[in-house]
Protein chains: 2
Amino acid sequence: MVLNPLFNFNAYFKEMKSTSLAIGVDVGGTNTKYGVVNHRGEILDEGAVATTLFPTIEAFVDGLYERLLPMINKFGKDGNIKGIGIGAPNGNHFTGCIENAPNLHWKGVVPIAKLISEKFKIPCVLNNDAKAAALGELNFGAAKGMKDFIMITLGTGVGSGIVVNGGLLYGDKGNAGELGHTVIRPGGREHWSTGLKGTLESYCSATGIAITAVEMKKDAKEDTLLKNYDDKDITSKIVYECATKGDALAKKVYEFTGEILGEALANFVMFSSPEAIILFGGVIQAGDLLMNPAKKAMEEHLLITFKDQVQLLFSELKFADAAILGASTLVWG
Amino acid sequence: MVLNPLFNFNAYFKEMKSTSLAIGVDVGGTNTKYGVVNHRGEILDEGAVATTLFPTIEAFVDGLYERLLPMINKFGKDGNIKGIGIGAPNGNHFTGCIENAPNLHWKGVVPIAKLISEKFKIPCVLNNDAKAAALGELNFGAAKGMKDFIMITLGTGVGSGIVVNGGLLYGDKGNAGELGHTVIRPGGREHWSTGLKGTLESYCSATGIAITAVEMKKDAKEDTLLKNYDDKDITSKIVYECATKGDALAKKVYEFTGEILGEALANFVMFSSPEAIILFGGVIQAGDLLMNPAKKAMEEHLLITFKDQVQLLFSELKFADAAILGASTLVWG
């Protein structure tokens, strides 16, 4: 096309952006969620499939293609699907590979971005799931407009995505932000898969909370609803339910967890001086039971310069959507 | 000037840069060092004055002016002194103020950059002393060419400067990198000025090492050279001297210190995934006595992804020059 010097570039690009779509895929140990998302963060269509259904990564890519094709045909007729963003545990943004993810059954180094872009003929960007969640929060959630914040995902494990100067922190080899594995109780509880002692994940993940509950129940002299459950059946959800029924021991589990979390957060604040820390994931359903002791412990362990400066917030993304949204934002960059 | 289209801009700017000079000023609790530095990091002239000589910041600025004027007249005749860079404890790069520095006798918020630029009629840039040292290392030392590294200064206190994506990490309010105040022994030794318990500085500063030595000496059943000294006379330097004479207890002090340092470094690595950690300051004169246990403890506490990936180095800057060099690099940006 020959450009008219009066051609309105701004309007042209705005229009182009408004019709651009991205596919977001969140690969989890149990389920994979996917959806078509526009640049306003609206999910136009979505679906989910069991990750464990596919013994090999190749079978997974084929299965995903089969399920996404109808969506692509429906929304992407004019080639306006700009890319596929994937969030996955141990996803390395720079290599496009899932690298030795302990909670996925595909072992070793899995070149997922290459396989998907070849199959779909659409550019594919991979990132760590917690980093993707941080981008989702930055673009559509509680961190909108923030340049420096830390996203902590409290689920089966503890993940994190750190944003500095308005962008994700990757570090030298792309692995920055493994905050779940930092030591907060030296010589403390041994982690079930890493073998590291006293790490944040050992205590503040859903798994860690269940272990704490079992330990406290064993030592408890007082009566507690937790005694109605076998040790092996106790989950963080059950602890939460007992706490909401007023059970003192269950509440104590969250106080203990929140205190450790808060101490760790104080250390993180003194590292990167964020505007906010945003908590995300299944564990945050505990709400104030976790937030109050965490906030108190964080403030107590901060150098005076940082006191009352950092917001401690819950994610504003709808839990089920967050993973897809976060992954889709990888496409917009 | 009317530009010839064949004018060689590259040569012109190269020439301009080669004649540009910066003044570096390192404000310490005891002494202030200053010097004229060229862009290759060569100190053309330097001097020092006792900081404590000046009861007020205004008197300090006047005194500094008096001492620097002969250098400015000698080297800056053609207006080629581009700026004055100041490194100071609690120096805030964004406000140009020293903010409540516990180890300076000028209390409160001191607008040092404004006062100096007004007095000298030369632009003045302020930064935290550890951040300035990190820039010095980046431009002229062991971190040359690195994009992600952490500088830890082990002196009377423990400071740090964190470089990510090739630039200093400031965070939301400019205070990122207070790693000396992160907790590494929860509920441990109370810090003499912050009141925080079990922080890195409580153990791994020169002050902390002396405290450890006194504690270990008290409990020691074995004979030790440290028993030749009164508690109040024991410094990290004396501990070092005893250790080099083969004193077992003095060596144990450094093992204990190095172990705590290494554990903290592992946490920092899992935060920002640096290519290297560079140690700097008086305490590193202990060399391998400190480095060996630190390296061992760091590797032991790292997630497998990070093991054997991160270099642990000593600064390559000559100790006496580093402060001036670091401060001067603030001018080049």
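Quantities reported herein were computed from a predicted structural model and do not represent experimental measurements.

1. Re the packing of helix H8 (residues 248-272) of chain A against helix H9 (residues 288-300) of chain A
When two helices pack together, their arrangement is given by the angle between their axes and by how far apart the axes lie.
Residue and element names in this part refer to chain A.
Then, in step 1: The interhelical angle for the contact between H8 and H9, taken along N-to-C directions, is 40°, at an axis separation of 6 Å. Taken together, the axis directions place H8 and H9 in an arrangement best described as oblique. The two elements H8 and H9 cross, and the hand of that crossing is right-handed. Packed against H8, whose contacting residues are Lys251, Tyr254, Glu255, Thr257, Gly258, Glu259, Leu261, Gly262, Glu263, Leu265, Ala266 and Val269, the element H9 presents Leu289, Leu290, Pro293, Ala294, Ala297 and Met298 at the interface.
Then, in step 2: Split into classes, the residues belonging to the contact of H8 with H9 amount to 11 nonpolar, three polar and four charged.

2. A few points about the pattern of salt bridges
Residues and elements named next belong to chain A.
Then, in step 1: Counted by the stated rule, this structure contains 24 salt bridges over all chains.
Then, in step 2: Between Asp230 and Lys232 there is a salt bridge whose closest N-O contact spans 3.9 Å.
Then, in step 3: Residue classification places Lys232 among the exposed positions, given a relative accessible area of 68%.
Then, in step 4: One salt bridge connects Lys296 with Glu300, and the closest N-O pair in it is separated by 3.4 Å. You can see Lys296 and its partner Glu300 sitting in helix H9, four residues apart, about one turn around the helix.
Then, in step 5: Of the residues examined, Glu300 reaches a relative accessible area of 46% and is grouped as partly exposed.
Then, in step 6: Several salt bridges share partner residues, and in doing so they unite Asp230, Lys232 and Asp233 into one network.

3. Overview of the nonpolar core
Then, in step 1: Grouped together as the largest cluster of nonpolar side chains are 104 residues, with contacts concentrated most on Ile152(A), Leu154(A), Ile277(A), Ile152(B), Leu154(B) and Ile277(B).
Then, in step 2: Excluding anything up to four places from it in sequence, Leu154(B) contacts Cys204(B), Leu261(B), Leu279(B), Phe280(B), Gly281(B), Gly282(B), Val283(B), Ile284(B) and Leu290(B).
Then, in step 3: If you look at the next biggest cluster of nonpolar residues, it comprises 32 residues, including Val49(B), Leu64(B), Ile86(B) and Cys124(B).

4. Considering the domain arrangement of chain A
Residue and element names in this part refer to chain A.
Then, in step 1: Domains assigned within chain A are domain 1 (9-137 + 321-332) and domain 2 (143-315).
Then, in step 2: Computed from C-alpha coordinates alone, the two centres of domain 1 and domain 2 are separated by 28 Å.
Then, in step 3: Listed by partner, the interface residues are 12 residues for domain 1 and 20 residues for domain 2.
Then, in step 4: Buried area between domain 1 and domain 2, summed over both chains or domains, comes out near 1,200 Å², and the portion from carbon and sulfur atoms is 64%.

5. Description of the state of the cysteines
Then, in step 1: For the coordinates displayed, the defined rule picks out zero disulfides over all chains.
Then, in step 2: No disulfide involves Cys242(A); its sulfur sits 19 Å from the nearest other cysteine sulfur, which is in Cys204(A).

6. A look at H9(A)
All names here are of chain A.
Then, in step 1: In this model, H9 (13 residues) spans 18 Å end to end at C-alpha, consistent with the 18 Å of a helix rising 1.5 Å per residue.
Then, in step 2: Burial in H9 covers these residues: Leu290, Met291, Pro293, Ala294, Ala297, Met298 and Glu299.
Then, in step 3: The secondary structure elements touched by the buried residues of H9 are strand S9 (149-154), H8, strand S12 (276-280) and strand S13 (311-314).

7. Observations concerning the relation of the copies chain B and chain A
Then, in step 1: For these two chains of identical sequence, chain B goes onto chain A by a turn of 180° and a shift of 0.0 Å along the axis, with RMSD 0.1 Å. On the angle and the small slide along the axis, the relation comes out as a two-fold axis.
Then, in step 2: Taken as a fraction of all interface residues of chain B, those also at the interface in chain A reach 100%, which identifies the copy contact as same-surface.

8. Quick notes on the packing of aromatic side chains
Then, in step 1: The tally for this structure, following the rule as stated, stands at 13 aromatic pairs over all chains.
Then, in step 2: Centre to centre, the rings of Phe94(A) and Tyr170(A) are 4.9 Å apart; their planes meet at 65°, and the pair counts as edge-to-face. Linking Phe94(A) in the loop between strand S5 (91-92) and strand S6 (97-99) with Tyr170(A) in the loop between strand S11 (167-168) and helix H5 (200-204), this pair joins segments that are 76 residues apart in sequence.
Then, in step 3: For Tyr170(A), a relative accessible area of 15% translates into the label buried.
Then, in step 4: Ring plane angle 55° and centroid distance 6.2 Å describe the contact between Phe268(A) and Phe271(B), whose orientation is recorded as tilted. One end of the pair, Phe268(A), is in helix H8; the other, Phe271(B), is in helix H8 (residues 248-272), on a second chain. Accessibility classification places Phe268(A) together with Phe271(B) in one group, the buried group.
Then, in step 5: Ring pairing ties together the aromatic residues Phe268(A), Phe271(A), Phe268(B) and Phe271(B), which thus form one cluster.
Then, in step 6: The aromatic ring of Tyr65(A) is capped on one face by Lys119(A), whose charged end is 5.1 Å from the ring centroid.

Cut-offs used in this document
- Residues numbered from 1 in each chain as written.
- Chains lettered and ligands numbered in written order.
- Predicted model: local features only at pLDDT ≥ 70, side-chain atom pairs only at ≥ 80, totals over all residues.
- Heavy atoms only, no water.
- Axes fitted to C-alpha atoms, helices over the stretch in contact; angles between N-to-C directions.
- Helix = DSSP H or I, 4+ residues; strand = E, 2+ residues; numbered from the N terminus.
- Parallel < 35°, antiparallel > 145°, perpendicular 65-115°, else oblique.
- Left-handed = near helix turned anticlockwise from the far one by under 90°.
- Contact = heavy atoms within 4.5 Å.
- Nonpolar A, V, L, I, M, F, W, Y, C, P; charged D, E, K, R; others polar.
- Salt bridge = Lys/Arg side-chain N within 4 Å of Asp/Glu carboxyl O.
- Buried < 20%, exposed > 50% of the residue type's maximum accessible area, 1.4 Å probe, protein only.
- Core = buried A, V, L, I, M, F, W, Y, C linked by side-chain atoms within 4.5 Å.
- Domains from an automatic or database assignment.
- Buried area = accessible area lost by both parts, 1.4 Å probe.
- Disulfide = S-S within 2.5 Å.
- Expected span 1.5 Å × (residues − 1).
- Least-squares fit on C-alpha atoms with pLDDT ≥ 70 in both.
- Phe/Tyr/Trp six-rings, centres within 6.5 Å; stacked < 30°, edge-to-face > 60°.
- Lys NZ or Arg CZ within 6 Å of the ring centre and 35° of its normal.

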